[in-house]
Amino acid sequence: MHKRIMALSIAGAGLLLAGQSAFAATGHANNNINAQVNNKSVAGGIKAMAGENVQFFANGQYSDDSGTIGQLGAEFVGNADPISFGFGGKAVFLDAKDHKNGGVVALGGHVTYQLNDRLSATAETYYAPDILSFHHVDRYMQYGAKASYMAVDNVDVVVGWRRTTFGYSAGPDLRYENNFYLGTDYNF
């Protein structure tokens, strides 16, 4: 299952990169490749704009304690300076280390406040109730916040915190992560 999730994440990222090249000629500069790390996990992903108001993304994450997750999703995005926002959905696939595997289709989004030309703050949340959960997982909740600082052109340094929980009706919940992380975003 671990290999399937990683393969899905890599395939999704490849499709996004291929699709992004089709939009590059339109002048979109809201695409990025990101990476995050802390002492327990590593994550990475890609975001690509499809037109002016739709953003696709693919992410993968590995945790020493909890296992592997892969995510594919899309958000409708908008901008009302200095605030930008997005709402949509994502499919989340879990290959758990000490719990049962499963997945969800989660709904949610993010809000970003641009403090100045270089500094921004973002809050995000995603939720999936029992009706949108499958296999052994019965619910899902993710929320977090991050601050991004443009260190050099097209490269942001990111400090954030994220909590991700998978719920089970038969057994204890899996707190996949509840950690601070450091990361970087390369914007193109």
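All of the points below concern the structure found in this document. What you see is a predicted model; the values in this text were computed from it and never measured. (Residues numbered from 1 in each chain as written. Predicted model: local features only at pLDDT ≥ 70, side-chain atom pairs only at ≥ 80, totals over all residues. Heavy atoms only, no water.)

Quick word on the overall build of the protein
And then number 1: When its secondary structure is counted, the protein shows one helix and 11 strands.
And then number 2: When the elements of the protein are put in sequence order from the N terminus, they spell out α-β-β-β-β-β-β-β-β-β-β-β.
And then number 3: For the protein, buried positions account for 40% of its 188 residues.
And then number 4: Once local pairs closer than 6 in sequence are excluded, the contacts in the protein between residues at least 24 apart make up 48%.
And then number 5: Only carbon and sulfur atoms are counted for the fraction: they give 63% of the accessible area of the protein, which is about 9800 Å². (Helix = DSSP H or I, 4+ residues; strand = E, 2+ residues; numbered from the N terminus. Buried < 20%, exposed > 50% of the residue type's maximum accessible area, 1.4 Å probe, protein only. Contact = heavy atoms within 4.5 Å. Areas by Shrake-Rupley, 256 points an atom, 1.4 Å probe, with all protein chains shown as cover.)

Let's talk about the side chain of Ser120
And then number 1: Along the chain, Ser120 falls in strand β7 (residues 119–128).
And then number 2: Contact partners of Ser120, with chain neighbours within four places excluded, come to Thr112, Tyr113, Gln114, Leu115, Lys146, Ala147 and Ser148.

Side note on the packing of aromatic side chains
And then number 1: In the structure shown here, the tally under the stated rule is five aromatic pairs.
And then number 2: Seen in terms of ring centroids, Tyr140 and Phe166 are 5.1 Å apart; in terms of plane orientation they differ by 55 degrees. Their pairing is tilted. Of the two residues, Tyr140 sits in strand β9 (residues 139–152) while Phe166 sits in strand β10 (residues 155–167), which places them 26 residues apart along the sequence. The exposure classification of Tyr140 matches that of Phe166, with both residues buried.
And then number 3: Aromatic rings pair up to connect Tyr140, Phe166 and Tyr176 into one cluster.
And then number 4: Lys90 extends its terminal NZ or CZ atom over the ring of Tyr126, reaching a point 4.3 Å from the ring centre.
And then number 5: A cation over a ring is seen here: Arg162 above Tyr181, with NZ or CZ 4.5 Å from the ring centre. (Phe/Tyr/Trp six-rings, centres within 6.5 Å; stacked < 30°, edge-to-face > 60°. Lys NZ or Arg CZ within 6 Å of the ring centre and 35° of its normal.)

Points about the pattern of salt bridges
And then number 1: Under the counting rule described, the total for this entry stands at four salt bridges.
And then number 2: Its salt-bridge partner being Asp65, residue Lys40 comes within 3.5 Å of it at the nearest N-O pair. In this pair, Lys40 sits in the loop between β1 (32–37) and β2 (41–49) while Asp65 sits in the loop between β3 (54–63) and β4 (67–80), placing the two residues 25 residues apart along the sequence.
And then number 3: The partly exposed category is assigned to Lys40, whose relative accessible area is 35%.
And then number 4: Between Asp173 and Arg139 there is a salt bridge, and its shortest N-O distance comes to 3.0 Å. Taken as a pair, Asp173 in the loop between β10 and β11 (174–187) and Arg139 in strand β9 lie far apart in primary sequence, 34 residues in all. (Salt bridge = Lys/Arg side-chain N within 4 Å of Asp/Glu carboxyl O.)

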